[in-house]
Amino acid sequence: MSRISPCLWYNGQAEEAARFYVSIFGGSVDFINRFPEDQPTPAPFKGGDVLMVEFTLFGDSYQALNGGPKFGFTEAVSLSVACKDQAEIDRTFEALTADGGSPGPCGWLKDKYGLSWQLVTKEIMDLYKTGDGPGIRRMMTEMMTMQKLDTARMKAAFEGGRP
């Protein structure tokens, strides 16, 4: 397990969510801890239900906790994925928005569990790092018209043209 691991709060779907993320990104479900059979458990859980799942994506560890209905995800925390190319953005976007997920503005989306994600290519991130103010402004203006990011359109805007 990593020294620091995000702990994601679910209402009974911790194992399902961990397996969903591993199916998209690769990685592994490493450990499943269950509520003890012989001790009281918080509603709506019972002894033997999944309490915590440890899983790995891209070599980093995560925890999925079945904490119950008290808290949900907000956009204040999201997982940002540096995709290698547009094809990876397209594939990942479709997988994460399937079965109840939803697209958001500017490359953001929510998966079917309500967790927010940002999908961007390394190429776009490198353009941001150039410090080219006018190019970045044009690229950001173009990005504001998108849900799923389009690397070619953003690069063309950065360079001052149209795709």
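Small disclaimer: the values here were computed from a predicted structure and weren't measured.

Parameters and conventions
Residues numbered from 1 in each chain as written. Predicted model: local features only at pLDDT ≥ 70, side-chain atom pairs only at ≥ 80, totals over all residues. Heavy atoms only, no water. Pairing = 2+ DSSP bridges. Helix = DSSP H or I, 4+ residues; strand = E, 2+ residues; numbered from the N terminus. Axes fitted to C-alpha atoms, helices over the stretch in contact; angles between N-to-C directions. Contact = heavy atoms within 4.5 Å. Left-handed = near helix turned anticlockwise from the far one by under 90°. Buried < 20%, exposed > 50% of the residue type's maximum accessible area, 1.4 Å probe, protein only. Polar contact = N/O pair within 3.5 Å; in protein donor to acceptor, adjacent residues only side chain to side chain.

Visitor: Help me understand the sheet that holds strand β3 (residues 50-57) in this model?
Guide: Either a parallel or an antiparallel arrangement is found when strands of a sheet pair, and the pairing is made through backbone hydrogen bonds. In spatial order, the strands read β1-β4-β3-β2; together these four strands make up an open sheet with mixed pairing. With partners counted over all chains shown, the strands left at the sheet margins are β1 (7-10) and β2 (28-34), one partner each. Between one strand and the next, the sheet's axes are offset by a mean angle of 20°, whatever the strand orientation. Relative to β3, β2 runs antiparallel, the two being bridged by six bridges. Looking at the pairing, R34 lines up with V50 of β3. Packing of helix α1 (residues 14-25) onto the sheet brings it into contact with β1, β2, β3 and β4 (60-66), and relative to β3 it is tilted by some 10°.

Visitor: Would you take a moment to explain the packing of helix α4 (residues 133-143) against helix α5 (residues 151-158) for this structure?
Guide: The description of two packed helices rests on the angle between their axes and on the distance between the axes. Packing of α4 against α5 leaves a shortest axis separation of 7 Å and a crossing angle of 145°. As α4 runs across α5, the sense of the crossing is right-handed. Residues G135, I136, R138, M139, E142 and M143 of α4 form the contact with α5, whose participating residues are R153, M154, A157 and F158.

Visitor: I'm lost on the side chain of T121 in this one. Help?
Guide: Here T121 shows up in strand β8 (residues 116-121). Classification of T121 by relative accessible area gives buried; the value is 2%. Among the polar contacts made by the side chain of T121, one reaches the side chain of T151 at a distance of 3.3 Å. Sequence-distant contacts of T121, that is, excluding residues within four places in its chain, are made with C83, D85, Q86, I89 and T151.

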